[in-house]
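Inside the fold
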Amino acid sequence: MTDHNSASPAAPHRQYWATRLGVILAVAGSAVGLGNFVRFPAQAVEYGGIFMIPYFVAFILIGLPIVWSEWAMGRFGGMRGFNSAPGIFSILYPRPGKSLIGGWSLMIPVGIYSYYVFIEAWCLAYALKYLFGVMPGTVALDEGGETASAAAYFLHMVGYGENGQVFGVDGAFLLACVAFCFAINLVLIIRGLNRGIEWFCRWAMPLLVLVALIVLVRVLTLGSPVAAAPERNVLTGLGFMWNPDGGEEHWWRQLLNAQIWMAATSQIFFSLSIGLGVIVCYASYLRRRDDVALSSTAAAAGNGFCEVALGGLIVIPAIFIFLGADQVQGLGGSTLGTGFMALPSVFAEMPAGRVFGFLFFFLLFLAAVTSSISMLQPGIAFLEEGLHLRRFQAAGILAVPTLIGVLLVMWYSANLVVLDTVDFWLATFGIFMLAMTQLLIFTFSLGIRRGLAALREGSQVGIPSWVGVLIGVVAPLYLSVIFITWLYQQITATEGNRFHALAQGPVLVGFGFVLALLIGFTLLSWIANRRWRAQAAAGLIPDPRMALVSEPEEDAP
Ligand code: PHE
């Protein structure tokens, strides 16, 4: 069997994380991103303090169980020679339909990358602007024109008014930032697991936490800086996030609305990077003797800390103090509005706002890069083990769909429709579907008993059996209730119905892009599955269809 391992074309050279801290920081790096510092505060502000209830419930009932199951399934697959989701699912679910599941789980991270990298470029652009002293909100939009507000600057920068206008204001600069972000992601991914991802996360993660702490201290010591509204201070700002009642009598009634549960669950998925084929890939680089339970919990807790204690505590009081409750709620939960319009207005008012503006967008940029590289790794791993490409070839191939994606997102700039459409179909719909599928695979194909054993292997803490029930029964039940209710509401909605809107020009473009990714990756997964079967028939690799019941090979030294 050991021979199989070294000769296995599915994994010619097994790769492993270098250190335990390295893997925790890499997974936390994937998880901590724009979701923590912008998406979370925007959501919390939209629903008010009550949001924290479904948020914590979702973290415990669905977040942690899926985290544990993805780490366990990922390492299970890794020990059997596979690192990509199509490979891992080919052994966890060796039945028809596995290529579609594999394709689905490649489509999500690659598609999300296509717009995430664009937003990453805005973070870089904003950080540089603060650094060089031309803050958004103090520049003239056209020659001799008036100074624009931070919001107007953003809308002009992305060409929000009209398609194809993205390079109107600061066009060349923005384009350079996009190109830089594209390049840095490719370079890191080509440098590989240890010298690229692990190396970068090992210094970027502590640095970004340090920078966030500095910004946090600034925000928490603001007092009540707005003379006209002395009642707006840090405490009332914090109350905005932590008081569930929001001053209303029947505040708990909001909990009867499925929407808030859906929003909290979506936030947990997106933020923890779960249900999208990334963690299974990262976890596959663990060794048999490595601990899974403690490391996965540490990474998830680290993400929670960055989200609630850093992102939430920085952004929510800051925008509340400077903009007031009305304006803040007027953001309507918009992630981009909060991050790139409201916050720059805040830094424009804040004492030493230029410095803190720089620090904030710089940390956002670091957080975004550690996430975006994790969106590429599953695709790279797949092209390597499924189609036997070298890493730089694989990176070159992945550059094509992602470049097409980012160009579409940039070109269809009016209301950022393509960005919004791709985000919805992948980061909401796509994730829900995949998370559900993964849980079903855990329960019925891998089996709770085997799944629990996979989680326990090498673990440094005892894992009680009820964890199996939580992953295999409670989580799927909870998810089905939320998902089905939400789907029903979506399909029957008269306003903002995503299913009805599909036929409209740019929406169709965004949806078409998603569909093309799905078809392309499913086809490639199918080809890879055939190859693995042929190799197994020739005795070159163990048969993936038997992997569920056979013992894995030993780790390479
Ligand atoms: N978790 C990341 C964030 O919070 C986003 C992400 C999505 C990362 C998909 C990896 C894959 O921003």
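Now for a quick tour of the structure. (Residues numbered from 1 in each chain as written. Predicted model: local features only at pLDDT ≥ 70, side-chain atom pairs only at ≥ 80, totals over all residues. Heavy atoms only, no water.)

**Side note on the packing of helix H8 (residues 171-220) against helix H14 (residues 353-387)**
Let me state the cut-off plainly: Every axis corresponds to a line fitted to the C-alpha atoms, with the helix fit spanning only the stretch in contact, and the corresponding angles, defined between N-to-C directions, vary from 0 to 180 degrees. By the criteria applied, helices consist of DSSP H or I runs no shorter than four residues and strands consist of E runs no shorter than two, each listed in order from the N terminus. Handedness of a crossing follows from how the near helix is turned relative to the far one, being left-handed for an anticlockwise turn of less than a right angle and right-handed for a clockwise one. We call Asp, Glu, Lys and Arg charged. Ala, Val, Leu, Ile, Met, Phe, Trp, Tyr, Cys and Pro are nonpolar, and the rest, Gly among them, are polar.
Direction vectors running N to C along H8 and H14 enclose 145°, while the axes themselves pass 7 Å from each other. Both H8 and H14 take part in a crossing whose hand is left-handed. Split by residue class, the contact of H8 with H14 holds 29 nonpolar, 4 polar and 1 charged.

**Section: the packing of aromatic side chains**
Inclusion rule: Ring pairs are drawn from Phe, Tyr and Trp, using the six-membered ring of Trp, whenever the two centres fall within 6.5 Å, and their geometry is named by plane angle: stacked under 30 degrees, edge-to-face over 60, tilted for the rest. Working definition: with a 1.4 Å probe on protein chains only, accessible area under 20% of the residue-type maximum means buried, over 50% means exposed, and in between means partly exposed. For a ring to carry a charge above it, either NZ of a lysine or CZ of an arginine must fall within 6 Å of the ring centroid while also lying within 35 degrees of the normal to the ring plane.
Taken as a whole, this structure holds 37 aromatic pairs when the rule is applied. When the centroid spacing of 5.1 Å and the interplanar angle of 85° are considered together, the rings of Phe424 and Trp425 count as edge-to-face. Per residue, the accessibility class of Phe424 equals that of Trp425, and both read buried. Aromatic side chains Phe432 and Phe483 sit 5.4 Å apart centroid to centroid with 25° between the ring planes, which places their arrangement in the stacked category. Here Phe432, found in helix H16 (residues 417-456), pairs with Phe483, found in helix H17 (residues 466-492); they are 51 residues apart in sequence, far enough to count as distant. By the burial criterion, Phe432 is buried, and Phe483 matches it. Through a chain of ring-to-ring contacts, three or more aromatic side chains come together here, namely Phe118, Trp122, Tyr126, Tyr130, Tyr153, Phe154, Phe340, Phe347, Phe360 and Phe361. The positively charged end of Arg80 is found above the aromatic ring belonging to Phe76, 3.6 Å away from the centroid. Of note, Arg287 hangs over the ring of Tyr16, and the distance from its end group to the ring centre comes to 3.9 Å.

**What to know about the site of the ligand**
Cut-off, in case you're wondering: The nearness test applies per residue and asks whether one of its heavy atoms lies within 4 Å of the molecule or strand. Here a polar contact is recorded for every N or O atom pair within 3.5 Å, except that within protein the pair must consist of a potential hydrogen donor and a potential acceptor, and residues adjacent in sequence are included only if both atoms are side-chain atoms. Note on areas: Shrake-Rupley, 1.4 Å probe, and residue coverage restricted to the protein chains presented here.
Taken together, 15 residues lie around the ligand, and Ala31, Leu34, Gly35, Tyr116 and Phe270 are the ones closest in. One of the backbone N or O atoms of Gly35 is found 2.9 Å from an oxygen atom in the ligand. With respect to the ligand, the backbone of Ser271 contributes an N or O atom lying 3.1 Å from a nitrogen atom. Alone, the ligand offers 320 Å² of accessible surface; in the complex the protein occludes 100% of this. Counting residues per element, the ones that place at least two in the shell around the ligand are helix H2 (20-31), helix H3 (34-47), helix H10 (258-272) and H14.

**Thoughts on the environment of Ile431**
Spelled out, the test is: Pairs of residues are marked as contacts when any of their non-hydrogen atoms sit within 4.5 Å.
Mapped onto the secondary structure, Ile431 falls in helix H16. Beyond its immediate chain neighbours, meaning those up to four positions away, Ile431 contacts Ile108, Phe269, Ile274, Gly275, Leu276 and Leu426.

**Focus on the pattern of salt bridges**
Rules: For this analysis, a salt bridge means a side-chain nitrogen from Lys or Arg found within 4 Å of a carboxyl oxygen belonging to Asp or Glu.
Under the criterion given, the structure shown has 5 salt bridges. For Arg498, the salt bridge identified is with Asp420, shortest N-O distance 2.9 Å. Of this pair, Arg498 sits in the loop between H17 and helix H18 (505-537) while Asp420 sits in helix H16; the two residues are 78 residues apart in sequence, bridging distant segments of the chain. Accessibility expressed as a relative area gives 34% for Asp420, which makes it partly exposed.

**Some details on unusual backbone geometry**
Of note in this structure, His388 is not a glycine but carries a positive phi near 60°. With respect to the helices and strands, His388 occurs in the loop between H14 and helix H15 (391-411). Exposure remark for His388: the relative accessible area of 35% places this residue in the partly exposed category. With phi around 55°, Asn415 is a residue other than glycine that occupies positive phi space. The residue Asn415 is located in the loop between H15 and H16 in this model. By relative accessible area, Asn415 is classed as partly exposed at 46%.

**Regarding H14**
The line we're drawing: Here a helix's expected span is defined as the number of its residues, less one, multiplied by 1.5 Å.
The end-to-end C-alpha distance of H14 is 50 Å, a good match for the 51 Å that 35 residues give at a rise of 1.5 Å each. Of the residues flanking the end of H14, it is His388, one or two places downstream, whose phi is positive at about 60°.

**Some details on a nonpolar patch on the surface**
Going by this rule: Here a patch means residues that are over 30% exposed by relative accessible area and free of salt bridges, tied together within 9 Å if like-charged and within 5 Å if nonpolar (Val, Leu, Ile, Met, Phe, Trp, Tyr).
Taken together, the side chains of Trp466, Val469, Val473, Val474 and Leu477 present a nonpolar region at the surface, about 460 Å² in accessible area. Within the secondary structure, Val474 is located in helix H17.

**Observations concerning the side chain of Ser284**
Checked against the element boundaries, Ser284 lands in the loop between helix H11 (279-283) and helix H12 (293-330). In this structure, Ser284 is in contact with Arg14, Gly74, Arg75, Gly78, Phe82, Asn83 and Ile88, ignoring residues within four places of it in sequence.

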